[in-house]
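What follows is each chain in one-letter form.
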Amino acid sequence: MRYNQVRIAEGVVIADDLGQEAEHFAQQKRVPCRGHAEIHVEDVAALELRSVDLQIPKNNKEHHTQEMGWKQLILRRGQSFTIQLKFSRPFQPQLDHITFVAETGPEPTELLGTRATFFLTHTRRGNIWSASDFTIASDTLHISLFTPANAVIGHYTLKTEISQGQAPSVTYPLGRFILLFNPWSAEDDVYLPSEILLQEYIMRDYGFVYKGHENSITSRPWNYGQFEEDIVNICFEILDKSLYFLKNPGKDCSQRRDVVYVCRVVSAMINSNDDRGVLQGNWGEDYTQGTSPLEWTGSVAILRQWSSRGGQPVKYGQCWVFASVMCTVMRCLGVPTRVVSNFHSAHNTDGNLTIDTYYNRNAEILPTEKQDKIWNFHVWNECWMIRKDLPPGYNGWQVLDPTPQQTSSGLFCCGPASVKAIKEGDIHLAYDTSFVYAEVNADEVVWLSEDGQVQEILAHNTRSIGKEISTKTVGSDKRQDITGSYKYPEGSPEERSVFMKASRKLLEPRRASSPLLHLLGSGDLKDQPVQLQLWLARTPMWGQDLLLMLHVRRVPDRAHTQSPIGLMVRFCAQPLLHGGSAREPLWRHVVHLNMDLGKEMQWPLLLPYSDYRNKLTDEKLIRVSGIAEVEETGQSILVLKDFSLEPPRLSIEVFERAEVGHALNIYITLTNTLMVALSNCTVVLEGSGLISGQIAEDLGTLMAGNTLRIQLELYPIKAGLRQLQVLIRSNEVKEIKGYKDILVAAAGVP
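Here is a short report on the structure shown in this document. Please read all numbers here as calculations on a predicted model, not as lab measurements. (Residues numbered from 1 in each chain as written. Predicted model: local features only at pLDDT ≥ 70, side-chain atom pairs only at ≥ 80, totals over all residues. Heavy atoms only, no water.)

1. Description of the environment of glutamate 48
Examined against the element boundaries, glutamate 48 turns out to sit in the loop between strand 5 (38-40) and strand 6 (49-53). For glutamate 48, a relative accessible area of 7% gives the class buried. In the structure, glutamate 48 is positioned 41 residues away from arginine 89 in sequence and 7.6 Å away in space, judged by C-alpha atoms. (Helix = DSSP H or I, 4+ residues; strand = E, 2+ residues; numbered from the N terminus. Buried < 20%, exposed > 50% of the residue type's maximum accessible area, 1.4 Å probe, protein only.)

Structure, rendered in structure tokens:
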């Protein structure tokens, strides 16, 4: 066998001139041909490859990868692609034998499925590697190649072996290509039979992250950027740095045919707890060694930084950053993916479906040694796939969570857990279904504690966990509530039945030794003689005094005394961390009330800016807690209000038509509505198809009441619907974000 070198330029491979080295066969061969004629092999010159055209623009467009550029041939499995071979003479099927070899991974073998050998045939046969449907035009051969829908994804080399009769073959390299999952193919495990959904969950390169609180949800734009030219290579670099690959490269590459396997590897590699993953988590308040999670506006800068520094974890990420980066990677690899936010999300480490929270009589949240917590919101991913490893009925959306909360099979990863299995309480199914079920269904038990001793249950909330589960609406910038995909309506017979089924599977083995379960099962909490509610009297703006109203209503109930009752309500405001813990109190207040039967009243509560200035976290989250003590009975009643403070809002305007390669003026306006100046302001712009990388400019100080106006000139890169993300950060407020959807016309299109 001889191997000839080739030169590659823009998808065309040109063979070196073999000159006098062309092979002549020593022995005469008789090859039959149609029409009963015979061809004498010695009379025909050896077939030599002169050039190869991988037809990258055509193939990439047909495989929905044109957004990734024209420098690489990027294909989706389970779909044909065409190449053009130019020879030294016309190809003769009766005489010339052409074999193709495709290889991926460091040690490709046919046994592992990382090497495929296939012959040129007239027609394709089934879901296998094949080269068929060829046409001959003079000295050029047009061939259709097919990759099976269960092929290993990855970087491939393609070569051909040419021979005549029994003579040794000559091998020519044809080039390289990248093979991805194919959600357009009905034979692929990621098949999604809706072009509208495919445009959203594969082709859309921007989206939104939903944050805040269930009653005050804010959307933040995010640039996924999965089609930036270097991102696909970085995605495979992530796979190649996983512990699985480092331990057994051949086996790892072989398993990359399985979307479940690939998802678990990516889930582990987005965080850096076990390996040289992409992001290092930080849930504290010191980000001086890196970038605050609030200041990221997209995945591209994170992935490029990770790759350029040799796989050193990027500092820092929290749940929405982990999930958004994973969305980029999975969409790039060809798996339909979306980002999902769960509000009031439980982190239940002991598997008892109960999260305990403790307060003292001054209404302060108390620290606890337990690792259980309730995130004010938590963000994960859903990936669409067939689950051949599960019984029928669990295909579709699967939860994957790259945030390192707990280990799964020894690594910090989570999922895929079938959303259908979560809704039906089938928590025994792989992977990590019981953990995700608790995130959306656990009960919250609030305790009154004094001197380290539990005094009474203030609340047993069966409906507070897993609220307003949200994702971006298909084809719209609006939020979609998908809570109904995860659970039946709270309190419905179906919901209670599923909860009991899941509880039995989780709790029966430990029921005899669980005093908490005995207490919760002993009966409902006592009826309360008054109802308390806290609400915001006006929009809570950071830098301004905050006004809340306490609504009190005396309940007409025969079980309680008909006489007036006295209430002493102790209030406390504490800054909340994203993980659910609280800082020291920043405001206290005590109210004494007398309530006659049937009486209702409202009491204003003012929280001055001076009390919370310089005391909040970057998230600007506050919990106001109140514990009312009934003076006649000593009974305690809890009232809570969580809220996030709104930053000033910026506006982005475009007044002209956007066209590829033409100047586009962007106008950004920000008015400082706060009572204090915003110092060290910086604006950062990002947007795939609009900007290459990021644009950042220092703005100085914006005084209270003043307005900042910025004009920038962009030159759009790609046609289509694009999104411009804008971040203005300052010492006082880390996250003032906005976006603008921009429709870009192709160059020269009227």
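Now that the structure has been shown, the text picks up again.
2. Examining the pairing of strand 33 (residues 621-630)
Most of strand 33 sits inside the fold, with 9 of its 10 residues counted as buried. With 9 bridges connecting them, strand 30 (residues 565-575) and strand 33 associate as antiparallel partners. By the bridge assignment for strand 33, leucine 567 is matched with valine 630. Pairing of strand 33 with strand 34 (residues 636-644) involves 9 bridges; the strand directions are antiparallel. Bridge assignment links glutamate 629 to a residue of strand 34, and that residue is serine 636. (Pairing = 2+ DSSP bridges.)

3. Brief notes about the nonpolar core
Residues Leu333 and Tyr486 are the most contacted members of the largest nonpolar core, which totals 87 residues. Residues in contact with tyrosine 486, not counting those within four places in the same chain, are Val340, Trp380, Glu382, Val399, Val419, Ile422, Lys423, Val440 and Ile469. Counting residues in hydrophobic clusters, the runner-up holds 60 residues, among them Val630, Leu708, Val733 and Val744. (Core = buried A, V, L, I, M, F, W, Y, C linked by side-chain atoms within 4.5 Å. Contact = heavy atoms within 4.5 Å.)

4. Looking at the sheet that holds strand 26 (residues 467-472)
In space, the 6 strands of this open sheet follow the order 23-22-21-19-26-27, with antiparallel pairing throughout. Because the sheet does not close on itself, it has two edges, and the strands there are strand 23 (417-418) and strand 27 (479-481). Pairing between strand 22 (residues 396-400) and strand 23: 2 bridges, direction antiparallel. Bridging from a neighbouring strand, valine 399 pairs with alanine 417 of strand 23.

5. Thoughts on the sheet that holds strand 35 (residues 650-653)
The strand order across the open sheet built from 3 strands is 35-37-40, with neighbouring strands paired in antiparallel fashion. Every interior strand has two partners, whereas the edge strands, strand 35 and strand 40 (707-714), have only one. With direction set aside, neighbouring strand axes in the sheet form an average angle of 15°. Bridging between strand 35 and strand 37 (residues 664-671) involves 4 bridges; their strand directions are antiparallel. (Axes fitted to C-alpha atoms, helices over the stretch in contact; angles between N-to-C directions.)

6. Looking at helix 2 (residues 195-203)
Because each turn of an α-helix spans 3.6 residues, side chains separated by three or four positions end up pointing in the same direction. By the burial criterion, the buried members of helix 2 are Leu198, Glu200, Tyr201, Ile202 and Met203. Along its buried surface, helix 2 packs onto strand 7 (73-76), helix 8 (319-333), strand 19 (337-347), strand 22 and strand 26.

7. Some details on the packing of aromatic side chains
Counted by the stated rule, this structure contains 20 aromatic pairs. An angle of 0° between the planes, with centres 5.0 Å apart, marks the rings of tyrosine 156 and phenylalanine 177 as stacked. Of this pair, tyrosine 156 sits in strand 13 (residues 154-164) while phenylalanine 177 sits in strand 14 (residues 170-180), placing them 21 residues apart in sequence. Joined through ring pairs, the aromatic side chains of Phe81, Phe100, Phe118, Trp129, Tyr156 and Phe177 make up one cluster. Against the face of phenylalanine 146 rests arginine 124, its NZ or CZ located 3.8 Å from the ring centre. Sitting over the face of the ring of tryptophan 320, lysine 211 holds its NZ or CZ atom 3.9 Å from the ring centroid. (Phe/Tyr/Trp six-rings, centres within 6.5 Å; stacked < 30°, edge-to-face > 60°. Lys NZ or Arg CZ within 6 Å of the ring centre and 35° of its normal.)

8. Topic: the pairing of strand 14
When you tally the buried positions in strand 14, you get 10 out of 11 residues, the bulk of the element. With 4 bridges connecting them, strand 7 and strand 14 associate as parallel partners. Within the sheet, the bridge partner assigned to leucine 75 lies in strand 14 and is leucine 179. As paired elements, strand 13 and strand 14 share 9 bridges and run antiparallel to each other. The residue of strand 14 that forms the bridge with glycine 154 is leucine 179. In textbook terms, the turn of a hairpin is the stretch between consecutive antiparallel strands, and for strand 13 and strand 14 this stretch comprises 5 residues, one of which, glycine 165, has a positive phi near 55°.

9. Things to note about unusual backbone geometry
Note on backbone geometry: most residues besides glycine have negative phi, and most peptide bonds are trans. The step from lysine 315 to tyrosine 316 runs through a cis peptide bond, and the omega angle for that step is 5°. Each neighbour pair has its own omega, and for alanine 430 with tyrosine 431 the value is -5°, a cis peptide bond. For aspartate 133, which is not a glycine, the phi torsion comes out positive at approximately 50°. Summarising the element assignment, aspartate 133 is placed in strand 11 (residues 130-137). On the accessibility criterion, aspartate 133 (48% relative accessible area) is partly exposed.

10. Some remarks on the packing of helix 3 (residues 231-240) against helix 7 (residues 300-308)
As a packed pair, helix 3 and helix 7 sit with axes 10 Å apart at the nearest point and diverge in direction by 55°. As far as their axial angle goes, helix 7 and helix 3 are oblique. Between helix 3 and helix 7 the crossing geometry is left-handed. Residues Ile231, Ile234, Glu237 and Ile238 of helix 3 form the contact with helix 7, whose participating residues are Val300, Leu303, Arg304, Trp306 and Ser307. (Parallel < 35°, antiparallel > 145°, perpendicular 65-115°, else oblique. Left-handed = near helix turned anticlockwise from the far one by under 90°.)

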